Amino acid sequence: RWLPALRRRCDIAGKRLSGTGLAAEGRGLRAVLYVYHSRLLRHRSYLALQQVEQCLKRLWKMNLLGCIETLAGLIPKKNTSQAHTECLVPSQPMLETVALKVLGGCKLVLRLLDCCCKAFLLSVKHLCSEEFILLNTVASGLLSRLWFVIQYRCVLQSLMSLYGMLSTSLHLVSQTQQMPYIKGFTFPSDIGNFLGVSVSSEVKKQKARMLTTKKPTNWLKKLFPTMPEAVSEIGKKRNFATCTSAVKNCSIPCPADIGEPVL
């Protein structure tokens, strides 16, 4: 009965991890770091962005998505819920390996959310101080999108639910045939205790900190000063009249042939 449920959890977690949002934000973050590497090597916002990029890099390097897809491929697709039906199930070493990677992935995602929140607050702080306006504007938007993508797609929640099913499967398989592969480590029955924090309360706390941050509007007003409506209307009419007279007076020359050399 637990095989179809385990396969569904693997498919859900795989879809959450393989979404285009995480990969796109990761590429954007790497591009920003590459552009500003020589200019802001010791700047605090740049160092905070580097920590976020390190978390993303470790998450992809551990090949968590590949392990989950391999486990899903080992589970038979047919319904094997009959009482006296024999079927092949994933072995204990395979389940232990995937469970250990899921635990590490949950830790990394939690650390990634924390780094995104800290780097976002730091970027907004430097924006309020009118320092490196272009970099911090791009960084704050990129970090908020990355944090939102992880939360909106429920990446952490899907990994936690997958580990709960993996723990049940590991217990049942080890009762059938003892083949311990990872020694010296006890798999926790409750992943919440292993992570050490309440995920929902931690996410709410981060969201409240990001939403209640002082908005950097002073430098925006300096860059784009507001004009009275009458002055703006006069300017629009004057520009429109100038453009129409220029169009009437100009003579458009015939374009040169592409095949002829132009001196």
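Everything discussed here concerns the structure shown above.
Residues numbered from 1 in each chain as written. Predicted model: local features only at pLDDT ≥ 70, side-chain atom pairs only at ≥ 80, totals over all residues. Heavy atoms only, no water.

**Some words on the overall build of the protein chain**
Which entries qualify depends on this criterion: The numbering of helices and of strands both runs from the N terminus, where a helix is a DSSP run of H or I of at least 4 residues and a strand a run of E of at least 2. Burial classes: relative accessible area under 20% of the type maximum marks a residue as buried, over 50% as exposed, and values in between as partly exposed (1.4 Å probe, protein chains only). Only heavy atoms enter the contact rule, under which two residues are in contact if any of them lie within 4.5 Å. Each accessible area value is a Shrake-Rupley result obtained with a 1.4 Å probe; residue values ignore everything except the protein chains displayed when judging cover.
Helix and strand counts for the protein chain come out as 11 helices and zero strands. In the protein chain, the succession of α and β elements from N to C terminus is α-α-α-α-α-α-α-α-α-α-α. When burial is assessed residue by residue, the protein chain has 40% of its 263 residues classed as buried. In the protein chain, of all internal contacts separated by at least 6 residues, the share reaching a separation of at least 24 is 86%. For the protein chain, the computed accessible surface area is about 16,800 Å², with 59% contributed by carbon and sulfur atoms.

**Here's the deal with the packing of helix α1 (residues 2–17) against helix α7 (residues 155–176)**
The packing of two helices is summarised by the inter-axis angle and the distance between the axes. As a reminder, the rule being used: Axis definition: a line fit to C-alpha positions, over the contact stretch in the case of helices; interaxial angles, taken between N-to-C directions, run 0 to 180 degrees. Any angle between 65 and 115 degrees counts as roughly perpendicular, while under 35 counts as roughly parallel, over 145 as roughly antiparallel, and the rest as oblique. Rotating anticlockwise by less than a right angle from the far helix to the near helix defines a left-handed crossing, while the corresponding clockwise rotation defines a right-handed one. By the convention adopted, Pro, Cys, Tyr, Trp, Phe, Met, Ile, Leu, Val and Ala count as nonpolar, Lys, Arg, Asp and Glu as charged, and the other residues, Gly among them, as polar.
Direction vectors running N to C along α1 and α7 enclose 150 degrees, while the axes themselves pass 9 Å from each other. Of the possible angle classes, the one that applies to α1 and α7 is roughly antiparallel. Crossing of α1 over α7 shows left-handed handedness. Residue-level inspection shows Trp2, Ala5, Leu6, Arg9, Cys10, Ile12, Ala13, Arg16 and Leu17 of α1 in contact with α7, the latter providing Val155, Ser158, Leu159, Ser161, Leu162, Met165, Leu166, Ser169, Leu172 and Val173. When its residues are assigned to classes, the contact of α1 with α7 shows 14 nonpolar, three polar and two charged.

**Some words on α1**
Put simply, the rule is: Each residue after the first adds 1.5 Å to the expected span of a helix.
For α1, which comprises 16 residues, the first-to-last C-alpha distance of 23 Å matches the rise-based estimate of 22 Å (1.5 Å per residue) to within 8%. Listing the buried residues of α1 in full gives Trp2, Leu3, Ala5, Leu6, Arg7, Cys10, Ala13, Gly14 and Leu17.

**Some details on the nonpolar core**
Selection criterion: Note on terminology: a nonpolar core comprises buried Ala, Val, Leu, Ile, Met, Phe, Trp, Tyr and Cys residues joined through side-chain atoms within 4.5 Å.
Core analysis: the biggest nonpolar cluster contains 69 residues, and Leu6, Val52, Val102, Leu159 and Leu166 have the highest contact counts within it. Of all elements in the fold, only α1, α2 (20–35), α3 (44–61), α4 (64–74), α5 (92–128), α6 (133–152), α7 and α8 (191–195) reach the threshold of two or more residues within this core. Residue contributions to this core peak at 20 residues, all from α5. Leave out the neighbours within four places in its chain, and Leu6 touches Ile75, Leu95, Leu162, Met165, Leu166 and Ser169.

**So, the packing of α2 against α6**
As a packed pair, α2 and α6 sit with axes 10 Å apart at the nearest point and diverge in direction by 160 degrees. The orientation of α2 with respect to α6, classified from their angle, is roughly antiparallel. Considering the relative orientation of α2 and α6, their crossing is left-handed. Across the interface between the two elements, Gly21, Leu22, Glu25, Gly28, Leu29 and Val32 of α2 pack against Leu135, Val138, Leu142, Arg145, Leu146, Val149 and Ile150 of α6. Residues that form the contact of α2 with α6 fall into these classes: nine nonpolar, two polar and two charged.

**Quick look at the pattern of salt bridges**
The line we're drawing: Throughout this description, the term salt bridge denotes a Lys or Arg side-chain nitrogen within 4 Å of a carboxyl oxygen of Asp or Glu.
Inspection of every chain in the model, using the stated rule, returns four salt bridges. Measuring nitrogen to oxygen at the nearest pair gives 3.9 Å for the salt bridge that ties Glu53 to Lys57. In this pair, Glu53 and Lys57 are both assigned in helix α3, four residues apart and thus about one turn of the helix distant. Glu53 gets classed as buried once you look at its relative accessible area, which sits at 13%. When the shortest N-O distance is used, the salt bridge between Asp114 and Lys118 registers 3.3 Å. Taken as a pair, Asp114 and Lys118 lie in helix α5 at a separation of four residues, close to a single helical turn. Residue classification places Asp114 among the buried residues on the basis of a relative accessible area of 16%. Judged by relative accessible area, Lys118 falls into the partly exposed class, the value being 45%. Where salt bridges share partners, they join Arg111, Asp114 and Lys118 into one cluster.

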